[in-house]
Amino acid sequence: MEGISITKLLVIAVLIILLFGTSKLRTLGADLGAALKGFKKAVGDDTTPPANATESQSNPQSVEKKDQ
């Protein structure tokens, strides 16, 4: 047994396209992409500090400098 060659993968791809059709596969790809994008955004939100927190920290310093 050689494993899966490129020819076998092409035959499988053609069978899947014939079975499901291009429009259903296009919809499935768009849904999968949206799910991955949402997942990356959710993971990224936990690691980055909120924008308001950095602004609130910088504002008191600028106010104190103006008063002095």
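Residue positions are given per chain, counting from 1 as you read along its sequence in written order. pLDDT decides what is reported in this predicted model: residues at 70 or higher carry local features, side-chain atom pairs at 80 or more are listed and counted, and totals for whole chains, interfaces and linings draw on all residues regardless. Water and hydrogen atoms play no part in the side-chain values, which are based on all heavy atoms of the structure.

Let us look at the overall build of the chain. Looking only at helices and strands, one finds three helices and zero strands in the chain. Per the convention used, a helix needs a DSSP run of H or I reaching at least four residues, while a strand needs a run of E reaching at least two, with both numbered from the N terminus. Reading the helices (α) and strands (β) of the chain from amino to carboxyl end gives α-α-α. Classification of residues uses two cut-offs on accessible area relative to the type maximum, computed with a 1.4 Å probe and protein chains only: under 20% is buried, over 50% is exposed, and between them is partly exposed. Split into buried and exposed, the 68 residues of the chain put 0% on the buried side. Approximately 6,500 Å² of the chain is accessible, and the part contributed by carbon and sulfur atoms is 65%. Per-residue and other accessible areas were derived by the Shrake-Rupley procedure at a 1.4 Å probe size, with only the shown protein chains allowed to occlude residues.

This part is about helix α1 (residues 6-20). The end-to-end C-alpha separation of α1 is 21 Å, in line with the 21 Å expected for 15 residues at 1.5 Å each. Downstream of α1 by one or two residues, Gly 21 has phi in the positive range, about 90 degrees. To estimate the expected span of a helix, count its residues, drop one, and scale the result by 1.5 Å.

Okay, a nonpolar patch on the surface next. Residues with no salt bridge and a relative accessible area higher than 30% make up the patches, which join like charges within 9 Å and nonpolar side chains (Val, Leu, Ile, Met, Phe, Trp, Tyr) within 5 Å. What makes a salt bridge here is a side-chain nitrogen of Lys or Arg within 4 Å of a carboxyl oxygen of Asp or Glu, nothing more. A surface patch of nonpolar side chains, amounting to about 840 Å² of accessible area, comprises Ile 4, Ile 6, Leu 9, Leu 10, Ile 12, Ile 16, Leu 19 and Phe 20. Within the fold, Leu 10 resides in helix α1.

Reading predicted coordinates in detail is not appropriate for stretches of low pLDDT. Mean pLDDT for the chain: 78, with 65% of residues reaching 70 or above. Values of pLDDT, the confidence the predictor places in each residue, fall between 0 and 100. Mean pLDDT across the elements of the chain ranges from a minimum in helix α3 (residues 51-67), with 54, to a maximum in α1, with 92.

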